[in-house]
Amino acid sequence: MTDEATEQHTAPTAPRHWEADVLLRDGRTAHLRPIRPEDADLLVEFYARVSDESKYYRFFTPMPQLSARDVVRFTQVDHHDRVAFVLTVAERMIAVGRYDVVGDGEAEVAFLVEDRHQGRGIAQLLLEHLAQAGRERGLSRFSAEVLPDNQRMVQVFRDAGYHMASGYEDGVIRLEFGIDPTETAIGVMEQREHRAESASIQAFFHARSVAVIGASRRSDTIGQTLVRNLVTGDFTGRVYAVNPGAKAVSGMPAYESVTDIDDPVDVAIVAVPADKVEEVVLDCAGKGVHGLVVISSGFAETGDEGRQRQRRLVGLARSYGLRLIGPNCLGIINTSPDHSLNASLSTVMPPRGRAGFFCQSGALGTAILEKVQNRGLGLSTFVSAGNRADVSGNDLLQYWQDDDSTEVVLLYLESIGNPRKFSRIARRVSRRKPVIAVRSGRSSQGVPMGHAVRTIAAPGQAVDAMFRQAGIIQVDTLEEMFDVAQLLAHQPLPAGGRVAVVGNSDALGLLATDAAAAVNLSVTRSLSLGADATAEDFEDALDEAIDDPEVDSVVALYVPPLNVSGEDVANVLAAVGEQSDKPLVSSFLGAEGVPELLRVPDVAGSTAGRGSVPSYPAVESAVRSLACVVGYVEWLRGAEDDHAEHDAQTVAADDQPADGEDEIDASTAKRLVNQVLIDSPEGRELTRDELRTLLGAYGVELSRSARVDDLSQALDAGERMGWDVVLKATAERLRQRPDQAHVRRGINSPEEMREAWHSLTALLTDPEDAGFVVQETAPPGVPVAISSTEDPLFGPVISFGISGPLTELLGDKAYRIPPLSRRDAAAMVREVKGAPILFGYRGSEPADVDEIERLLRRVAGLQNDLPQLQAVDLPLVLVGTEGARVLNASAHVAPVVDPRSDWFVRRLSTMPGDTLQD
């Protein structure tokens, strides 16, 4: 290369969040980043590996080599009008995509992918990231010119989900499309993300060959335990032992390195000292291993040095295309007979079942597996992710969504690295199968030492609200999780919350009735059979209860008389449970789990089949579990309605706006926010006029008011507004006063304004700092408050409550994560403790709740659309019988430092402090 090509120039700096680890269609990883001048040699080497045909498709002319001038032009960009991204694996460039601005708001986009990597979804990934970069740089359209024979590239653009326009001229197809993220484009991106992440996890569970690196001949070692568990766990593939200091392990030949193994290796289980793991990664990359399960400890759980070691480990593994479970983990288990796999330290191989389980702590994982076995619950798959440096619960949710062997998902979460993505995926999975979760640290919002995630700034109520929105059944303890899981795994879903109680103990029957009332279930039928009830009596009563159209589920209670085994009653319960289309739960002999007597054999070979009757040692546990499932069913119905509403609005958008959406002028709001940041790059509070424009763009009218500094200005403002105005002090220290002493109402003349001004200034200690405002009088109504913030992890969070100091003192607020459905907004209004005041409390007129819900959806949409809004606050909205008046508002605009974790592009999460987006 010439000096011109290698000459280093000071290049403009690209935003740090443009760099990302990404997942390709086949589940392998790669690294995407902006091109740099020092990539000249990498580009030349990459271009030499590309076929002549691919080069012709890119440049429309034979171009066997890049000239020195071309190399400089392609590697030196300004990251604004000329942007280029490269994709690398194992420090080799495998693709490049770029755009060049060609007109006002338009850029031409092009790609070149190495032939052996074509078909892996690389061009689609590059297009997503280029489009996001373009939007950040103010572009609105992309264009591309493609040769007619290059149908694969034509399909890349057509499949992206954008509204495409095409033409044909001079033998070239010209494509043009807007790059604003349409619903279709976002849906396409999420489907691709789902397929890629699911494929990456399937490669672990369906491994045909596993290498244990660190296998040992000593029986008391981790390496020996891993080998033994693989062999005794009926693994159907090949097991290889890697130990440079041994010739054989457990009767198998030992290899010095994984690269010495002749056959392919799908998964490597790593149990070597922490400082040796990086060497293992390089060996596994050279061998072509898909993924690593790192059992080794000594990483982020040990402190700063270990955290740096973990960061290097993940970066190295991903840069070579490998996914990683761990480090510091227990391992993974698959109970499928076709892919039986115990790649873990657990000597307990759980029975086959219908539940997939994800946890993080290795020590807790061992206890969980023992508990599962004791209850007879059974698992389909199990993952202990340890420090969760790469593979997380989000990846497992993606896999379990389509896994036919998994009907119930169980999550024990000690931290949530990407709540926004978790909420989105969990909501989709919950529509297909129930998700039950225990979240530790709910009160403190803390995370374990080894979990390198940022602390959630949003209040705990917001996290709980996110779980409810996503349809997750959140419980407090592992015991409650298993209680609910055994019901969902073995019994059908109830149609509603009407319960029949059948039993031979009046005392237990009363306990069941009280327990049902406590969790909002209604006992519509109670059949007390007496202490000497026979199996036939139980059968008749159960059949009667199940046939009752006023009953949705049945609770059976059995306490045996002396010297009676209860086997006859158990046979009846099992037979009824197998045939019933309504759920049947029991408190049978005080047993926990699914007792042998109540199990229905499963043709698939699991411990307890569908129709087996779960038993609970306490009747309260049975009823509480039933209530959790009823809540899930109610969410499921609402989710179906939300889905139908969303589809209707999407269709309506192509014809005419729905639900008043014609009132939304998002472009005006975006222009205002962008102009504020141009004028004030550090950000600032919006003025009253700016607030009126911003809120008005989303159909929220801000009441007229004027800031006044003296009596003369107050008189002028009252005159302009036609009097009937309010004078009030708005300083933070004053506006929350419960006695409202800082407000003077009903001012209709200059004399009344003078009197109000003098009385207020005499009352206040520092009137010059009071922030006096003259405002038109609003009709009477109930004061409510609506606010939204941009959380570093969650993205947008919206809250609602009755306005006033009592709400602040009691924390009586409802939270949700936008976007909001109608159901979300309605639930927010009704779940605050002060809600009755909106619905005619003590004979008052009901407030216009529909208008409150509309305002909630509009503020949520505003915050969701504009991440530059750090906060939007409507602290005083007066809601009358018809309509509402927004009296006060504020908003703060700030530059986006870290874009939202799933902001219209696919990317893998990273540890805090990395140069990539968390």
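Residues numbered from 1 in each chain as written. Predicted model: local features only at pLDDT ≥ 70, side-chain atom pairs only at ≥ 80, totals over all residues. Heavy atoms only, no water.

**Remarks on the overall build of the protein chain**
Note the following rule: Labels follow the DSSP assignment, with helices taken as runs of H or I lasting at least four residues and strands as runs of E lasting at least two, numbered in each case from the N terminus. In this setup the radius of gyration rests on C-alpha atoms only. A globule is expected at 2.2 Å times the number of residues raised to 0.38. Exposure classes here rest on a 1.4 Å probe applied to the protein chains alone. A residue is buried below 20% of its type maximum, exposed above 50%, and partly exposed in between. Pairs of residues are marked as contacts when any of their non-hydrogen atoms sit within 4.5 Å.
Along the protein chain, the regular secondary structure elements total 27 helices and 36 strands. For the protein chain, the C-alpha radius of gyration of 32 Å lies close to 29 Å, the compact-globule estimate for 918 residues. Counting only C-alpha atoms, the protein chain reaches 100 × 95 × 55 Å along its principal axes. Scored against the burial criterion, the 918 residues of the protein chain give a buried share of 57%. Taking all contacts inside the protein chain whose residues are at least 6 apart in sequence as the whole, residues at least 24 apart take part in 71%.

**Digging into the nonpolar core**
The cut-off we apply is this: Remark: nonpolar core denotes a set of buried residues (Ala, Val, Leu, Ile, Met, Phe, Trp, Tyr, Cys) joined through side-chain atoms within 4.5 Å.
Counting residues in each nonpolar core, the largest one holds 56 residues, and the members touching the most others are Leu 411 and Phe 422. In terms of residues, this core owes the most to one element, helix α14 (residues 460-469), which gives five residues. For Phe 422, the residues in contact, after removing those within four places along its chain, are Asn 394, Leu 397, Leu 411, Leu 413, Ile 416, Met 466, Phe 467 and Ile 472. Within the second largest apolar cluster, 49 residues are counted, among which are Phe 382, Val 408, Phe 482 and Val 623.

**Brief notes about the pairing of strand β25 (residues 553-558)**
In plain terms, the rule: Paired strands, in this sense, are two strands between which DSSP finds at least two bridges.
With six of its six residues buried, β25 lies for the most part within the structure. Side chains of β25 alternate between two faces, with Ser 553, Val 555 and Leu 557 and Val 554, Ala 556 and Tyr 558 buried alike. Pairing of strand β23 (residues 498-503) with β25, which is carried by five bridges, proceeds in the parallel orientation. Among the inter-strand pairings, Val 501 is bridged to a residue of β25, identified as Val 555.

**Thoughts on the layout of surface pockets**
To keep things clear, this is the line we draw: Buriedness of a pocket was judged along seven lines, with at least five required to meet protein on both sides within 12 Å; pockets are open sets of points on a 1 Å grid over the protein atoms alone, cavities are sets where a 1.4 Å probe fits but cannot get out, and lining residues have an atom within 4 Å of a point. Grid points are joined across faces, edges and corners, and a volume is the space filled by probe spheres set on the points. The nonpolar class holds Ala, Val, Leu, Ile, Met, Phe, Trp, Tyr, Cys and Pro. Asp, Glu, Lys and Arg form the charged class, and all remaining residues, Gly among them, are polar.
If you add up the space inside the second largest pocket, you get close to 800 Å³. Going through the elements one at a time, α14, β22 (473-475), α19 (619-653) and α26 (822-831) are the ones with two or more residues in the lining of the second largest pocket. Among the residues making up the lining of the second largest pocket, the classes are represented as twelve nonpolar, six polar and nine charged.

**A closer look at unusual backbone geometry**
Cis geometry marks the peptide bond from Gly 326 to Pro 327; its omega dihedral reads -5°. Looking at where Pro 327 falls in the secondary structure, it is placed in the loop between β15 (323-325) and β16 (331-334). Following Pro 818, the chain continues into Pro 819 via a peptide bond in cis, with omega recorded as 5°. Position of Pro 819 among the secondary structure elements: in the loop between β34 (814-816) and α26. Its identity is not glycine, yet Ala 90 carries a phi of approximately 55°, on the positive side. With respect to the helices and strands, Ala 90 occurs in the loop between β3 (82-89) and β4 (92-103).

**Let's talk about the sheet that holds strand β9 (residues 209-213)**
Note: strands within a sheet are paired through backbone hydrogen bonds, in either parallel or antiparallel orientation. Stated formally: Here an angle of 0 to 180 degrees is reported between the N-to-C directions of two axes, which are lines fitted to C-alpha atoms, with helices fitted over the stretch in contact.
Across the sheet, seven strands lie side by side as β11-β12-β10-β9-β13-β14-β15; this open sheet has mixed pairing. On the outer flanks of this sheet lie β11 (248-249) and β15, each paired with one strand and no other. When β9 meets strand β10 (residues 238-242), the two strands line up parallel, connected through five bridges. Note that in β10 the partner of Ser 209 across the bridge is Arg 238. Contacts from helix α7 (residues 183-205) reach β13 (267-270), β14 (291-294) and β15, with the element oriented near 60° to β15. In the packing of helix α8 (residues 222-232) onto the sheet, contacts are made with β9, β10, β11, β12 (252-255) and β13, and the angle to β9 comes to roughly 160°.

**Overview of a nonpolar patch on the surface**
Selection criterion: Like charges are joined within 9 Å and nonpolar side chains (Val, Leu, Ile, Met, Phe, Trp, Tyr) within 5 Å, but only among residues with over 30% relative accessible area and no salt bridge; these make up the patches. For the accessible areas, the method is Shrake-Rupley and the probe is 1.4 Å, while residue cover comes only from the protein chains on display. Every case where a carboxyl oxygen of Asp or Glu lies within 4 Å of a side-chain nitrogen of Lys or Arg is listed as a salt bridge.
The grouping of Leu 806, Leu 809 and Leu 810 at the surface amounts to a nonpolar patch, some 400 Å² of accessible area in total. Among the secondary structure elements, Leu 809 is positioned in helix α25 (residues 805-810). Of the residues examined, Leu 809 reaches a relative accessible area of 70% and is grouped as exposed.

**A few points about the packing of helix α17 (residues 535-547) against helix α18 (residues 567-579)**
Short version of the rule: Any angle that falls under 35 degrees is termed roughly parallel, while one over 145 is termed roughly antiparallel, one within 65 to 115 roughly perpendicular, and all others oblique. In this scheme the handedness of a crossing depends on how the near helix is turned from the far one: anticlockwise by less than a right angle means left-handed, clockwise means right-handed.
The N-to-C vectors of α17 and α18 enclose an angle of 25°; their axes lie 8 Å apart at closest approach. Compared by their axis directions, α17 and α18 come out roughly parallel. Between α17 and α18 lies a crossing whose hand is right-handed. For the pair α17 and α18, the contacting residues are Ala 535, Phe 538, Glu 539, Leu 542, Asp 543 and Ile 546 in the first and Asp 568, Val 569, Val 572, Leu 573 and Val 576 in the second. The residue inventory of the contact of α17 with α18, partitioned by class, reads eight nonpolar, no polar and three charged.

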